[in-house]
Amino acid sequence: MDKAEFDRRLDKLTRDIAKSHNYRVGDYKYFVYPYKGLLPLNSEQVENTVLLMSEIIPSNATMLFTVMTDGIILGLPLAMHL
């Protein structure tokens, strides 16, 4: 993927995440992580994110580590892609 394509995909992902749901509890604004499973997944967004991540993770990586269970939603397709 060339830089222009990477930048285009990253810009789209940034716009999609910026449109994610938010809610307030008092003065605190919560961001609803789009891959949490609370809302239907956008498969195009997942695919786009995986392609972006695959550009910055070495293709010879032998392990992907996520600190949140939510990361499995991206980690599994990423591992399959690599």
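Anything mentioned here points back to the structure above.
Residues numbered from 1 in each chain as written. Predicted model: local features only at pLDDT ≥ 70, side-chain atom pairs only at ≥ 80, totals over all residues. Heavy atoms only, no water.

Visitor: Would you mind going over the nonpolar core with me for this structure?
Guide: If you look at soluble globular proteins, the nonpolar side chains tend to sit buried side by side. L13, Y35, V46, V50, L52, L74 and L78 form the largest nonpolar core, which has 7 residues in total. Breaking this core down by element, the ones donating at least two residues are α2 (43-56) and α3 (72-81). Of all the elements, α2 adds the most residues to this core, at 3 residues. Contact partners of L78, with chain neighbours within four places excluded, come to V50, M53, S54, I57 and L64. (Core = buried A, V, L, I, M, F, W, Y, C linked by side-chain atoms within 4.5 Å. Buried < 20%, exposed > 50% of the residue type's maximum accessible area, 1.4 Å probe, protein only. Helix = DSSP H or I, 4+ residues; strand = E, 2+ residues; numbered from the N terminus. Contact = heavy atoms within 4.5 Å.)

Visitor: Would you mind going over the packing of aromatic side chains with me for this structure?
Guide: Within this structure, the stated rule accounts for 2 aromatic pairs. With centroids separated by 4.6 Å and ring planes inclined at 70°, the aromatic side chains of Y28 and Y30 adopt a geometry described as edge-to-face. Residue classification places Y28 among the exposed residues on the basis of a relative accessible area of 52%. With a relative accessible area of 34%, Y30 lands in the partly exposed category. An aromatic cluster of three or more residues is present, and its members are Y23, Y28 and Y30. (Phe/Tyr/Trp six-rings, centres within 6.5 Å; stacked < 30°, edge-to-face > 60°.)

Visitor: How should a nonpolar patch on the surface be read in this particular structure?
Guide: A contiguous nonpolar surface patch, about 430 Å² in accessible area, is contributed by Y23, V25, Y28 and Y30. Within the residue set of the nonpolar patch, elements represented by two or more residues are β1 (22-25) and β2 (28-31). Mapped onto the elements of the fold, Y30 is located in strand β2. (Patch = residues over 30% accessible without salt bridge, like charges linked within 9 Å, V, L, I, M, F, W, Y side chains within 5 Å. Areas by Shrake-Rupley, 256 points an atom, 1.4 Å probe, with all protein chains shown as cover. Salt bridge = Lys/Arg side-chain N within 4 Å of Asp/Glu carboxyl O.)

Visitor: What should I look at first to understand the pairing of β1 in this one?
Guide: A regular strand places its side chains so that they alternate between the two faces of the sheet. Here β1 runs beside β2; their pairing, made up of 4 bridges, is antiparallel. The partner of Y23 across the bridge, within β2, is Y30. The antiparallel hairpin formed by β1 and β2 contains 2 residues in its connecting segment, where G26 sits at a positive phi of about 65°. (Pairing = 2+ DSSP bridges.)

Visitor: Explain the environment of F6 to me, please; I cannot follow it from the model alone.
Guide: Mapped onto the secondary structure, F6 falls in helix α1 (residues 3-18). The partly exposed category is assigned to F6, whose relative accessible area is 21%. Taking the C-alpha atoms as reference, F6 lies 8.3 Å from E55; in sequence the two are 49 residues apart. With residues near it in sequence (within four places) discarded, F6 still touches M1, L52, E55 and I56.

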